Amino acid sequence: MSASLVRATVRAVSKRKLQATRAALTLTPSAVNKIKQLLKDKPEHVGVKVSVRTRGCNGLSYTLDYTKTKGDSDEEVVQDGVRVFIEKKAQLTLLGTEMDYVEDKLSSEFVFNNPNIKGTCGCGESFNI
């Protein structure tokens, strides 16, 4: 019985360029400013966490909460000094999404411009992918 020999070589490649990856979530300047403003009053919190909950008449809804620590499976997005943590369940639904903060005469809210959403419900509280 003969033994087979398998060889492997590991090489350090210093001339290869690393390609930057896109963040799962990008923030508009107005979203960054609003998060900074909200966190200024809460020094014990390090950022905000985006989660997905079953809600509305059609499926899922995003929620935002203050957070003191990064969860083990959270994805962290740091932009312009603001830290946003994405809960594991929400990570795939947020890929390529832009988070904005919009104010008008009647309301002010964070808006998620998500290119992956296929539809929203009539009440405007949920979406499906």
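As recorded in an unreviewed UniProt entry, the protein goes by the name Iron-sulfur cluster assembly 1 homolog, mitochondrial, listed as coming from Galeopterus variegatus. Taken verbatim from the UniProt record of the protein, the Function (unreviewed entry) comment is "Involved in the maturation of mitochondrial 4Fe-4S proteins functioning late in the iron-sulfur cluster assembly pathway. Probably involved in the binding of an intermediate of Fe/S cluster assembly."

Visitor: Just to check I follow, could you spell out the overall build of the protein for this structure?
Guide: Broken down by element type, the protein carries two helices and nine strands. Taken from N to C terminus, the helices and strands of the protein fall in the order β-α-β-β-β-β-α-β-β-β-β. The buried share of the protein, reckoned over its 129 residues, is 30%. Looking at the protein alone, contacts between residues at least 24 apart form 53% of all its contacts between residues at least 6 apart. Carbon and sulfur atoms form 49% of the exposed surface of the protein, whose accessible area is close to 9,500 Å².

Visitor: Looking at this structure, how should I read the side chain of Lys34?
Guide: Tracing the sequence through the fold places Lys34 in helix H1 (residues 29-40). With residues up to four places along the chain from it excluded, the contact list for Lys34 reads Tyr101 and Phe110.

Here is what the cut-offs are and how they apply
- Residues numbered from 1 in each chain as written.
- Predicted model: local features only at pLDDT ≥ 70, side-chain atom pairs only at ≥ 80, totals over all residues.
- Heavy atoms only, no water.
- UniProt positions renumbered as here; feature names shortened; annotations may be inferred.
- Helix = DSSP H or I, 4+ residues; strand = E, 2+ residues; numbered from the N terminus.
- Buried < 20%, exposed > 50% of the residue type's maximum accessible area, 1.4 Å probe, protein only.
- Contact = heavy atoms within 4.5 Å.
- Areas by Shrake-Rupley, 256 points an atom, 1.4 Å probe, with all protein chains shown as cover.

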